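These are the residues of each chain, in order.
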Amino acid sequence: MKIIRLAVVLFLLSTVASHAQYPSRVTSGVDLGTGYNDKAWAPSIGYHQELSINGFPWFNLTWGARTAGYYTGDKAFIPKTSFSSGDSLKFGRLTVNSLSILAGITLKFGKLDIGANTDIIGIAIGVKRNGLYSKNSFPQGTGSEYYNALIPSSPNFFNVLPLGMDKNSGQSEIFVRYWITNRIGVKAGYVHGRTTYKTDVKLDNNQNRFSTSYDMPYVSICFPLYN
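Counting restarts for each chain, with residues numbered from 1 along the sequence as it is written. The predicted nature of this model means local features are confined to residues of pLDDT at least 70 and side-chain atom pairs, given and counted, to a pLDDT of 80 or more, with totals for whole chains, interfaces and linings taken over all residues. Calculated side-chain values reflect all of the structure's heavy atoms, with hydrogen atoms and water omitted.

Engineer: I would appreciate a short explanation of the overall build of the protein chain in the present structure.
Structural biologist: When you go through the protein chain residue by residue, the secondary structure sums to two helices and 13 strands. Counting every position in the protein chain, which comprises 227 residues, the buried fraction comes to 46%. In the protein chain, the proportion of contacts linking residues at least 24 apart, taken out of those at least 6 apart, comes to 66%. For the area figures, the Shrake-Rupley method with a 1.4 Å probe applies, and any residue is considered shielded solely by the protein chains shown. Of the roughly 11700 Å² of accessible surface on the protein chain, 62% is carried by carbon and sulfur atoms. Helix numbers and strand numbers start at the N terminus; a helix is a DSSP run of H or I with at least 4 residues, a strand a run of E with at least 2. Whether a residue is buried, partly exposed or exposed follows from its accessible area with a 1.4 Å probe, protein chains only, as a fraction of its type maximum: under 20%, in between, or over 50%, in that order. We call two residues in contact whenever any of their non-hydrogen atoms come within 4.5 Å of each other.

As structure tokens, then:
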């Protein structure tokens, strides 16, 4: 997770440093694929546009949109203050879908693209589920009456900068894309994601958002779009 955060931050810093140049060419495409790890799936469809910079045709600013899902079995969610309170919200199954705007960097070397991107803003929807609220210590405080009870919860709807804000849902990725022909390519990468559920009631420390993160390899097929 630290590696992907560092990569995305460095790429975004490069974006700021190069923004003063003038654009020369816009390319775009669609990626269709999925991530998988330990019985958890994260399929996605991404649309991306790359804007090259005069004098630096290999350096491209990237923006686009991504619709993604996260489907898995047993999962424990924790609040931001869990390191001191030891509480968690446990689900037997998860199905969450999202739509987001992304930004990043793509470096192009012939048929090879190397890049990173992260969700900037988005929404998440999914089935409302009951989570089992549990604690490692004796229950006390705001959520004590809900200890060992099933709490109605749903995905946090509106999300901003999930890479840096642990109460928000979204994805980031680093990848290598290879264009086999002018009409099709393949992409391999690594996805870091976060899923956040919001409870109908406030629990210990007035928390009502519980999160879990995931990391998994990702593969996709890629299609260029031509104007």
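There is more to say after this.
Engineer: Would you mind going over a nonpolar patch on the surface with me for this structure?
Structural biologist: Judged by side-chain polarity, Leu99, Ile101, Ile120, Ile121, Ile123, Ile125, Phe157, Phe158, Leu161 and Met165 come together as a nonpolar surface patch covering roughly 870 Å² of accessible area. When contributions to the nonpolar patch are tallied by element, the ones reaching two or more residues are β6 (94-109) and β7 (112-126). The greatest single-element share of the nonpolar patch, amounting to four residues, is contributed by β7. Position of leucine 99 relative to the elements: it lies in strand β6. Only residues whose relative accessible area exceeds 30% and that take part in no salt bridge are eligible for patches, with like-charged residues grouped when within 9 Å of each other and nonpolar side chains (Val, Leu, Ile, Met, Phe, Trp, Tyr) grouped when within 5 Å. By salt bridge we mean one thing: a side-chain nitrogen of Lys or Arg within 4 Å of a carboxyl oxygen of Asp or Glu.

Engineer: What should I look at first to understand the packing of aromatic side chains in this one?
Structural biologist: Note on aromatic pairs: each is described by the distance of the centres and the angle between the planes. Two aromatic rings, drawn from Phe, Tyr or Trp (for Trp, its six-membered ring), form a pair once their centres lie within 6.5 Å of each other, and the interplanar angle then sorts them: stacked below 30 degrees, edge-to-face above 60, tilted otherwise. Scanning the model with the defined rule gives nine aromatic pairs in all. Their ring planes at 75° and their centres at 5.1 Å tell us that phenylalanine 77 and phenylalanine 91 sit as a pair that is edge-to-face. Linking phenylalanine 77 in strand β4 (residues 75-77) with phenylalanine 91 in strand β5 (residues 87-91), this pair joins segments that are 14 residues apart in sequence. When sorted by exposure, phenylalanine 77 lands in the same class as phenylalanine 91, which is buried. Ring geometry for tyrosine 133 versus phenylalanine 210: centroids 6.3 Å apart, planes at 80°, classification edge-to-face. Residue tyrosine 133 is located in strand β8 (residues 129-135), and its partner phenylalanine 210 is located in strand β13 (residues 209-225); the two are separated by 77 residues in the primary sequence. The pair formed by tyrosine 133 and phenylalanine 210 is uniform in burial state, with each residue classed as buried.

Engineer: Please clarify how the pairing of strand β3 (residues 56-72) should be interpreted in this entry.
Structural biologist: The side chains of a regular strand alternate between the sheet's two faces. Pairing between strands is defined by DSSP: at least two bridges between them are needed. Pairing between strand β2 (residues 40-53) and β3: eleven bridges, direction antiparallel. Looking across to β3, one finds that isoleucine 53 is bridged to phenylalanine 56. What sits between the antiparallel neighbours β2 and β3 is a turn of two residues, in which glycine 55 has the positive phi angle 90°. The sheet contact formed by β3 and β6 spans 14 bridges and is antiparallel. Bridge assignment links alanine 65 to a residue of β6, and that residue is isoleucine 101.

Engineer: Sorry, what's going on with the confidence of the model for the protein chain here?
Structural biologist: Reading predicted coordinates in detail is not appropriate for stretches of low pLDDT. Overall, the prediction assigns the protein chain a mean pLDDT of 87, with 85% of residues at 70 or greater. Along the chain, pLDDT gives the predictor's confidence residue by residue, from 0 to 100. Under a pLDDT of 50 for its full length, residues 15-23 has, in the predicted model, 16 contacts with residues more than four places off or in other chains.

Engineer: Help me understand the nonpolar core, please; the structure alone is not making it clear to me.
Structural biologist: Generally speaking, soluble globular proteins have nonpolar side chains that are buried together. The nonpolar core is taken to be a set of buried Ala, Val, Leu, Ile, Met, Phe, Trp, Tyr and Cys residues, with the residues joined through side-chain atoms within 4.5 Å. Counting residues in hydrophobic clusters, the biggest one holds 18 residues, and the most contacted among them are Phe77, Leu89 and Met216. Only β2, β5, β6, β12 (185-199) and β13 provide two or more residues apiece to this core. A per-element tally of this core places β13 first, with four residues. For leucine 89, the contacting residues outside a window of four places in its chain are Lys75, Ala76, Phe77, Gly131, Leu132, Tyr133, Ile151, Ser153, Thr199 and Phe210.

Engineer: Even after reading the chapter, I still don't get the pattern of salt bridges, so can you show me in this structure?
Structural biologist: Between side chains of opposite charge, pairing is possible as soon as their charged atoms come close. Across all of its chains, the model carries ten salt bridges by this definition. The partner of aspartate 31 in a salt bridge is arginine 177, and the shortest N-O contact between them spans 2.9 Å. Highlighted residues: aspartate 31 in strand β1 (residues 23-37) and arginine 177 in strand β11 (residues 170-179), separated in sequence by 146 residues. Both residues of the pair, aspartate 31 and arginine 177, belong to the buried class. Look at the salt bridges and you will find they share partners, linking Asp31, Glu50, Arg66, Lys108, Asp113, Asp119, Glu173, Arg177 and Lys187 into a network.

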